[in-house]
Amino acid sequence: MTHTESCDRAVDVDAALERARNSFAAVFGDGRLSLGQLRRNLDEMMLESTLSKDVSVDDIVVGGVEALRVAAGPAIDDNVLVWFHGGGYVMGSPHGYHHAAAALSRALGSAVVLPGYRLAPEHPFPAALEDAAAVVDALVAEYGPERTAVGGDSAGGGLTMSVLVDARNRGVTLPAAAVAVSPLADFTASGASVASNGDTDPVITKRSLAMLAATYLRENDRDTPLASPVFADLTNLPPILLLASDSEILLDDAVRMHDSIRNAGGASTLSVYPNTCHAWTLFTDFLPQARDGVDEIARFLTKELS
């Protein structure tokens, strides 16, 4: 690669990252939008990409919870990945995650199930966890634990960790592996990166975390372990891959959970990506770092699943 080509590629990457950040900024607008409008904006952002003709999207019900099954490409194996969408427990939907799930399915060669877990404020904690647990329990029973993985981004990443802790607490069989991208795992906003990355994260702020906590948790303490799994006992969990951006305020949520798991003798892999944004794996159609993240997820899960 020539110097000029290298410079052009750097410019292209920078432009792609700016596009991702602008997409998130457009969702939140001036900060005074109604929740209904925010929900519509997020889904519209997520649905800007067109699905390939070889992607199937089917409505299903799993564990009594409505969900979507997304499969990309002709060769789908016998494994399943449950993916919990982001949106701070107040926004996001399986419908909006078609493209994100298709990218994961194509890279992994497995079907991806997107649960439509209940959202706050209509359904505060622990409604999302109850729905997520019902879906994972049902798919572990159907596919077998060795063929089931669970994951999510942002709030979905935090929900992933909460599901694992809850399953272990209940004494039920856990899935074989888990992935959490940019996990929202501390509603107390006590991580050092909340302050250190406050000027570099265009998506989440300390103020927005406080608003989400009030909406989702209501009267529950913000350090409730099953809502803020940074404070949970993270022993005896399956192998976990944690991905975070080095510039997001939730970076330390991932770092602290990684350290807790490793200190307890568990298996955790932490990948911190430079020059990207919160939940960047959503933008595989134009952001190289997103494709890199999805590829890393696929390699990790391929190694862990039967």
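These numbers come from a predicted model, not from an experiment. (Residues numbered from 1 in each chain as written. Predicted model: local features only at pLDDT ≥ 70, side-chain atom pairs only at ≥ 80, totals over all residues. Heavy atoms only, no water.)

**Points about helix 8 (residues 251-263)**
Basically, it comes down to this: In this description a helix means any DSSP run of H or I spanning at least four residues, a strand means any run of E spanning at least two, and both kinds are numbered starting from the N terminus. Take the residue count of a helix, subtract one, and multiply by 1.5 Å to get its expected span. Contact criterion: two residues are considered in contact whenever any of their non-hydrogen atoms come within 4.5 Å of each other.
For helix 8, with 13 residues, the first-to-last C-alpha span of 18 Å sits near the 18 Å given by 1.5 Å per residue. Structurally, helix 8 contributes buried residues whose contacts are with helix 5 (155-170), helix 6 (192-196), strand 7 (240-245) and strand 8 (268-273). Glycine 265, located one to two residues past helix 8, shows a positive phi value of around 90°.

**Observations concerning unusual backbone geometry**
Residue proline 121 is bonded to the preceding alanine 120 through a cis peptide linkage, with omega at 5°. Along the polypeptide, proline 121 turns up in the loop between strand 4 (111-115) and helix 4 (127-143). The residue after phenylalanine 125, namely proline 126, is reached through a cis peptide bond having omega 10°. Along the chain, the position of proline 126 falls in the loop between strand 4 and helix 4.

**What to know about the packing of helix 3 (residues 98-108) against helix 9 (residues 288-304)**
Cut-off, in case you're wondering: Helix axes are fitted only over the stretch in contact, all axes being lines through C-alpha atoms; the angle between N-to-C directions runs from 0 to 180 degrees. Here the angle decides the label: under 35 degrees means roughly parallel, over 145 means roughly antiparallel, 65 to 115 means roughly perpendicular, and every other value means oblique. Take the far helix as the reference: if the near one is turned anticlockwise from it by less than a right angle, the crossing is left-handed, and if turned clockwise, right-handed. Throughout, the ten residues Ala, Val, Leu, Ile, Met, Phe, Trp, Tyr, Cys and Pro are labelled nonpolar, Asp, Glu, Lys and Arg are labelled charged, and all others, Gly among them, are labelled polar.
Running from N to C, helix 3 and helix 9 point in directions that differ by 50°, and their axes come no closer than 9 Å. Here helix 3 is positioned oblique relative to helix 9, judged by the angle of their axes. Pair helix 3 / helix 9 crosses with right-handed handedness. Counting all contacts with helix 3, which are made through Ala103, Leu104, Ala107 and Leu108, the residues of helix 9 involved are Val294, Asp295, Ile297, Ala298, Leu301 and Thr302. Considered class by class, the residues forming the contact of helix 3 with helix 9 number eight nonpolar, one polar and one charged.

**Focus on the packing of aromatic side chains**
Just so we agree on the cut-off: Centre distance within 6.5 Å is the pairing criterion for rings of Phe, Tyr and Trp, where only the six-membered ring of Trp is used; planes under 30 degrees apart are then read as stacked, over 60 as edge-to-face, and the remainder as tilted. Think of it in three bands: residues with accessible area under 20% of the maximum for their type are buried, residues over 50% are exposed, and the middle band is partly exposed, with areas taken using a 1.4 Å probe on protein chains only.
Taken as a whole and assessed by the stated rule, the structure comprises nine aromatic pairs. An angle of 45° between the planes, with centres 4.9 Å apart, marks the rings of tyrosine 273 and tryptophan 280 as tilted. Across the pair, tryptophan 280 and tyrosine 273 agree in class, each one buried. A network of ring pairs unites the aromatic residues Phe84, Tyr89, Tyr117, Phe125, Phe187 and Tyr216 as a single cluster.

**Remarks on the pairing of strand 6 (residues 177-181)**
Put simply, the rule is: The criterion for strand pairing is that DSSP finds at least two bridges linking the strands in question. Crossover handedness is defined by viewing with both strands directed away from the observer: a clockwise path from the first strand over the helix to the second marks the crossover as right-handed.
Counting buried positions along strand 6 yields five of five residues, so the element is predominantly enclosed. Neither face of strand 6 is left uncovered, since the one carrying Ala177, Val179 and Val181 and the one carrying Ala178 and Ala180 both have all their residues buried. As judged from the five bridges shared by strand 5 (residues 148-153) and strand 6, these two strands associate in the parallel manner. Bridge pairing links alanine 149 to alanine 177 in strand 6. For the crossover that starts at strand 5, traverses helix 5 and ends in the parallel strand 6, the hand is right-handed. The pairing of strand 6 with strand 7 spans four bridges and is classified as parallel. Bridge assignment links valine 179 to a residue of strand 7, and that residue is leucine 241.

**Digging into the pattern of salt bridges**
The criterion, for reference: Salt bridges are defined as contacts in which a side-chain nitrogen from Lys or Arg sits within 4 Å of a carboxyl oxygen from Asp or Glu.
A complete count under the given rule lists ten salt bridges for this structure. Of the charged contacts in the structure, one is a salt bridge between arginine 39 and glutamate 122, with a shortest N-O distance of 2.9 Å. Here glutamate 122 lies in the loop between strand 4 and helix 4 and arginine 39 lies in helix 2 (residues 35-46), a separation of 83 residues in the sequence. Among the charged side chains, a salt-bridge network with shared partners connects Arg118, Glu130 and Asp131.

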